[in-house]
Amino acid sequence: MSQPVDVAASNQDFVLTLSCPDTTGIVYRVSGLLYQHEGNILDAQQYGDTETGRFFLRVHFALPTAHNIDTLRERFAELAGPLQMNWQIRDNSKRSRLLIMVSKQGHCLNDLLFRAHSGQLKADIAAIVSNHPDYAALAESYGIPFHHLPITPDTKPQQERQILDLVEREQIDLVVLARYMQILSADMSAALTGRAINIHHSFLPSFKGARPYHQAWQRGVKIIGATAHYVTSDLDEGPIIEQDIARVDHTMRAEDLTRVGSDIESLVLSRAVRRHVEHRILLNGNRTVVFR
């Protein structure tokens, strides 16, 4: 009697993402090329932006294990050239490596650690960097290297060089600013273009500083929220990935707003990180296309 074949075990799966000037036949050509290489499309999402005239596509597909992915990449490059495509084919089994940066507020760090440890987030946290020593014990409890790198205006260039060296040495795919309360220099922002995500209290734009929720409480706001975005040299102006809000009222104290805001920040940041490591985000100028 023949044994049933585990199809999933006999395949390897990849994610193709691309953007290009919109024209007819893109999906037909891409799916046809995958078919020629025995590719099985598991999921596909597309979007055509009529404002910019650009087309965006994400395809999750499987290939027989014996198939050489480099051959497909070579053929795809031939297809992509005339269509002016920005494209990547990534091995979906490869886990992204994260570097988390934090200061003294640890709610986002703690949330990401739990999600990664419990398998909710398909990523490995390779290291944690902080300008304060507060979370060394938390990092140790998860078996993650903790790097205490203090910073002053005079030592900022050297401290950022240490971080970039760590990014290169640990082969970091994404840097996550999990309430890291330091402004990155223009040079460091440029070095991390497209691979650094920040979280901040976006719905409190007039309340700056270390205690924004207390300022918001004093003004009697009714909505608070958070935004996750890619880091650019323009402070808090990078392409937005994810946002969320919560309604608050007069019965809530400043401490209540802080608690609610912390929950929103943790949730919004984890969503953004998940979508990045699952290759669901494509840049569209100063905006993003985020596929489900």
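Quantities reported herein were computed from a predicted structural model and do not represent experimental measurements.

Visitor: Lay out the sheet that holds strand β3 (residues 54-64) in plain terms, naming residues and giving numbers.
Guide: Ordered by their spatial adjacency, four strands build an open sheet running β2-β3-β1-β4, and the pairing between neighbours is antiparallel. Every other strand in the sheet has two partners, leaving β2 (40-49) and β4 (86-91) as the edge strands with one partner each. Each strand of the sheet is rotated relative to its neighbour by a mean of 10 degrees, with strand direction disregarded. Pairing between β2 and β3: nine bridges, direction antiparallel. Along β3, the bridge assignment pairs G48 with F55.

Visitor: Could you give an account of the pattern of salt bridges, with specific residues and numbers?
Guide: When the charged atoms of two side chains with opposite charge come close together, those side chains can pair. Across all of its chains, the model carries 17 salt bridges by this definition. Across the pair R97 and E170 runs a salt bridge, and its minimum N-O distance is 2.9 Å. On the criterion of sequence distance, the pair formed by R97 in strand β5 (residues 96-102) and E170 in the loop between α5 (156-169) and β8 (174-177) is long-range, its members being 73 residues apart. Given the relative accessible area of 26%, E170 is considered partly exposed. In this structure, E242 engages R271 in a salt bridge whose closest nitrogen and oxygen atoms are separated by 2.9 Å. Of this pair, E242 sits in strand β11 (residues 240-247) while R271 sits in helix α8 (residues 254-277), placing them 29 residues apart in sequence. Note on E242: relative accessible area 11%, which makes it buried. When its relative accessible area of 24% is taken as the criterion, R271 is described as partly exposed. By sharing partners, the salt bridges in this structure join E242, D244, R271 and R275 into a single network.

Visitor: Now, about unusual backbone geometry: what can you tell me, with residues and values included?
Guide: Outside of glycine, negative phi angles account for most residues, and trans bonds account for most peptide bonds. Phi is positive for E38, close to 65 degrees, though the residue is something other than glycine. Despite not being glycine, R179 has its phi angle at roughly 65 degrees, a positive value. Secondary-structure assignment places R179 in the loop between β8 and α6 (186-191).

Visitor: Account for helix α2 (residues 69-80), naming residues and giving values.
Guide: Between its terminal C-alpha atoms α2 stretches 16 Å, which fits the 16 Å expected from twelve residues at 1.5 Å a residue. Here the buried face of α2 lies against β1 (11-21), α1 (26-36), β3 and β4.

Visitor: Give a description of the sheet that holds β5 that names residues and reports values.
Guide: Note on sheets: strands pair through backbone hydrogen bonds, and any given pair is parallel or antiparallel. Pairing is mixed in the open sheet, where seven strands are placed in the order β7-β6-β5-β8-β9-β10-β11. In the strand order of this sheet, the two ends are held by β7 (146-148) and β11, each with one partner. Taking the axes of each pair of neighbouring strands and ignoring which way they run, one obtains an average angle of 20 degrees across the sheet. The sheet contacts of helix α3 (residues 107-118) involve β5, β6 (123-130), β8 and β9 (196-200), and relative to β6 the element is tilted by about 155 degrees.

Visitor: Tell me about the packing of aromatic side chains, residues and numbers included.
Guide: Scanning all chains against the criterion turns up three aromatic pairs. Here the aromatic rings of F76 and W87 are separated by 4.9 Å at their centres, their planes lie at 55 degrees, and the arrangement is tilted. With F76 in helix α2 and W87 in strand β4, this residue pair connects regions lying eleven residues apart in the sequence. Look at F76 and you get buried, because its relative accessible area is 1%.

Visitor: How would you sum up the nonpolar core? Please name residues and give values.
Guide: Most often, soluble globular proteins have nonpolar side chains that are buried together. Core analysis: the biggest nonpolar cluster contains 41 residues, and L269 and V273 have the highest contact counts within it. When residues of this core are assigned to their parent elements, the largest contribution, eight residues, is made by α8. Look past the residues within four positions of V273 in its chain and what remains in contact with it is L98, L112, L121, L174, V176 and I197. Formed by 21 residues, the second largest nonpolar core is a distinct cluster that contains L16, V30, L57 and I69.

Visitor: Which residues make up the side chain of R115, and what values go with them?
Guide: Within the secondary structure layout, R115 lies in helix α3. With near-sequence residues (within four places) excluded, R115 lies in contact with Q120, L121, L267, S270 and R274.

Visitor: Tell me about α8, and please be specific about residues and values.
Guide: Here α8 contains 24 residues, and its C-alpha end-to-end distance of 34 Å stays within 8% of the 34 Å for a straight helix at 1.5 Å per residue. Of the residues one or two after α8, H279 is the one with positive phi, at around 60 degrees.

Visitor: Hey, could you go over the environment of F55 for me, with residue numbers and the actual values?
Guide: Mapped onto the fold, F55 is located in strand β3. Assessed through its relative accessible area of 6%, F55 is described here as buried. Between the C-alpha atoms of F55 and N284, which are 229 residues apart in sequence, the distance is 9.6 Å. Ignoring anything within four residues of it in the chain, the contact list for F55 reads L18, S19, C20, P21, D22, I26, V27, Q46, Y47 and G48.

Basis of the calculations
Residue positions are given per chain, counted from 1 along the sequence in the order it is written. Local features in a predicted model are, by the rule used here, given only for residues with pLDDT of at least 70; side-chain atom pairs are given and counted only at 80 or more, and totals for whole chains, interfaces and linings are based on all residues. Side-chain measures here rest on the full set of heavy atoms in the structure, leaving out hydrogens and waters. A pair of strands is treated as paired once DSSP finds two or more bridges between them. By the criteria applied, helices consist of DSSP H or I runs no shorter than four residues and strands consist of E runs no shorter than two, each listed in order from the N terminus. Every axis corresponds to a line fitted to the C-alpha atoms, with the helix fit spanning only the stretch in contact, and the corresponding angles, defined between N-to-C directions, vary from 0 to 180 degrees. One side-chain nitrogen of Lys or Arg within 4 Å of one carboxyl oxygen of Asp or Glu is enough to make a salt bridge. Burial classes: relative accessible area under 20% of the type maximum marks a residue as buried, over 50% as exposed, and values in between as partly exposed (1.4 Å probe, protein chains only). By definition here, a helix of n residues has an expected span of 1.5 Å times n minus one. Contacts are assigned to residue pairs that have any heavy atoms within 4.5 Å of one another. Stacked, edge-to-face and tilted labels apply to pairs of Phe, Tyr and Trp rings (six-membered ring for Trp) whose centres lie within 6.5 Å, assigned for plane angles under 30 degrees, over 60, and everything in between, in that order. As used in this record, nonpolar core signifies buried Ala, Val, Leu, Ile, Met, Phe, Trp, Tyr and Cys residues forming a set joined through side-chain atoms within 4.5 Å.

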